[in-house]
Amino acid sequence: MGEIMKSKIFVFLLATLIGQHAYAGSCRSEALKARDSGVKHLVVSFEGLASYWAGFVRKGLIKPMQNKYGATFVSKNYSYGSTQSAESCIRDFKLVMGSDLHLSVIGHSFGAGIAVFNLLNEIKDISVNEVVTMDPRTWSTDWNYRRMKTLDLFEKPANVARQMNFYQTGGMRGYRVVGADNVQVTGTTHVGMPRVKGIHQQVQCFVFGDCP
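Residues numbered from 1 in each chain as written. Predicted model: local features only at pLDDT ≥ 70, side-chain atom pairs only at ≥ 80, totals over all residues. Heavy atoms only, no water.

Draft legend 1. Local environment of the pattern of salt bridges. Across all of its chains, the model carries ten salt bridges by this definition. We note a salt bridge from Glu30 to Lys76, for which the minimum N-O separation is 3.1 Å. With Glu30 in helix α2 (residues 28-36) and Lys76 in strand β2 (residues 74-78), this residue pair connects regions lying 46 residues apart in the sequence. Classification of Glu30 as partly exposed rests on a relative accessible area of 30%. Close ionic contact of Arg91 with Glu87 constitutes a salt bridge, the shortest N to O distance being 3.0 Å. Placement of the pair is Arg91 and Glu87 together in helix α4 (residues 83-97), with a separation of four residues, close to one helical turn. Of the residues examined, Arg91 reaches a relative accessible area of 30% and is grouped as partly exposed. Since its relative accessible area comes to 18%, Glu87 is described here as buried. Within this structure, Glu87, Arg91 and Asp125 form a network of salt bridges that share partners. (Salt bridge = Lys/Arg side-chain N within 4 Å of Asp/Glu carboxyl O. Helix = DSSP H or I, 4+ residues; strand = E, 2+ residues; numbered from the N terminus. Buried < 20%, exposed > 50% of the residue type's maximum accessible area, 1.4 Å probe, protein only.)

Draft legend 2. Representation of unusual backbone geometry in the model. Residues other than glycine seldom take positive phi values, yet Ala50 does so here, at roughly 55°. Relative to the assigned elements, Ala50 resides in the loop between β1 (41-46) and α3 (56-69). A positive phi angle, near 50°, is found at Asp135, a position not held by glycine.

Draft legend 3. A look at the packing of α3 against helix α7 (residues 197-208). Viewed as axis vectors pointing N to C, α3 and α7 meet at an angle of 60°, and their least axial separation amounts to 11 Å. With respect to their mutual orientation, α3 and α7 come out oblique. α7 is crossed by α3, and the crossing has right-handed handedness. On α7, the residues touching Gly60, Leu61, Pro64, Met65, Lys68 and Tyr69 of α3 are His200, Val203, Gln204 and Phe208. Looking at side-chain class alone, the contact of α3 with α7 contains six nonpolar, three polar and one charged residues. (Axes fitted to C-alpha atoms, helices over the stretch in contact; angles between N-to-C directions. Parallel < 35°, antiparallel > 145°, perpendicular 65-115°, else oblique. Left-handed = near helix turned anticlockwise from the far one by under 90°. Contact = heavy atoms within 4.5 Å. Nonpolar A, V, L, I, M, F, W, Y, C, P; charged D, E, K, R; others polar.)

Draft legend 4. Layout of the environment of Arg162. Mapping Arg162 onto the fold places it in strand β6 (residues 160-167). Arg162 gets classed as partly exposed once you look at its relative accessible area, which sits at 36%. Between the alpha carbons of Arg162 and Val132 there is a distance of 8.7 Å; along the sequence they are 30 residues apart. Aside from chain neighbours lying at most four places away, what touches Arg162 is Asn129, Glu130, Val131, Lys156 and Phe206. At a separation of 3.4 Å, a polar atom in the side chain of Arg162 contacts the side chain of Glu130. (Polar contact = N/O pair within 3.5 Å; in protein donor to acceptor, adjacent residues only side chain to side chain.)

Draft legend 5. The environment of Ile114, seen in detail. Structurally, Ile114 is set in helix α5 (residues 110-122). What makes Ile114 buried here is its relative accessible area of 14%. Note: C-alpha distance between Ile114 and Pro136 (22 residues apart in sequence) is 7.7 Å. Ignoring anything within four residues of it in the chain, the contact list for Ile114 reads Tyr80, Arg137, Thr138 and Trp139.

Draft legend 6. Structural context of the side chain of His41. Locating His41 in the fold gives a position in strand β1. Sequence-distant contacts of His41, that is, excluding residues within four places in its chain, are made with Thr72, Phe73, Val74, His102, Ser104, Glu130, Val207 and Phe208.

Draft legend 7. Summary view of the sheet that holds strand β4 (residues 128-134). Strand order in the open sheet formed by six strands is β2-β1-β3-β4-β6-β8, with parallel pairing between adjacent strands. Here the strands that pair on one side only, and so sit at the sheet edges, are β2 and β8 (181-184). Sheet twist, expressed as the average angle between the axes of neighbouring strands with direction ignored, equals 15°. Here β1 pairs with strand β3 (residues 102-108) via six bridges, running parallel. Its bridge partner lying in β3, Ser45 is registered against Ile106. Packing against the sheet, α3 makes contact with β1, β2, β3 and β4, and its axis sits at approximately 150° to β3. (Pairing = 2+ DSSP bridges.)

Interpretation in functional terms is not warranted from these geometric data alone.
In structure tokens form, the structure reads like this:
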């Protein structure tokens, strides 16, 4: 293997590691600042496999919402392998805000099928207002599909009040979530889903109550 290729692999692995731990540590001061400013809405989002630096969710969905709704919510974005950091941050916000906390969780690809559901399992004691998943996938997703011939491979946890799930059935298909509002999306790819304007409108209605 050439030295250039070795360097590229090293940089990729280092970036992934940093992305997974970028927000490790306490969110207590950020939660206190938000509470003092009257902000009680926390939106936690997860990127898919190896897409933390590309920021498909952060750039394609969260940033447009920040541009539209400004400082009315706090946004924390993680890689799909950073559920522990996300859980720590959520617990800091819950400790500071108590029952006033409005918690929304969003994920795409592995960030939905792995990160979101792992996180929800770890915070069973915390109520989640909304969950949005886009093309949720896991390592065993396609094998399960070939074996079971079903798109229903996930289930809304009991601590989630409402969940909306978007999926497409093209290459790198997404999957439905039992108990969620499932919306099949056409005319997009797996990677492009966070940038779909129609999804933006539905998420804004679902999460912020901003409905046409």
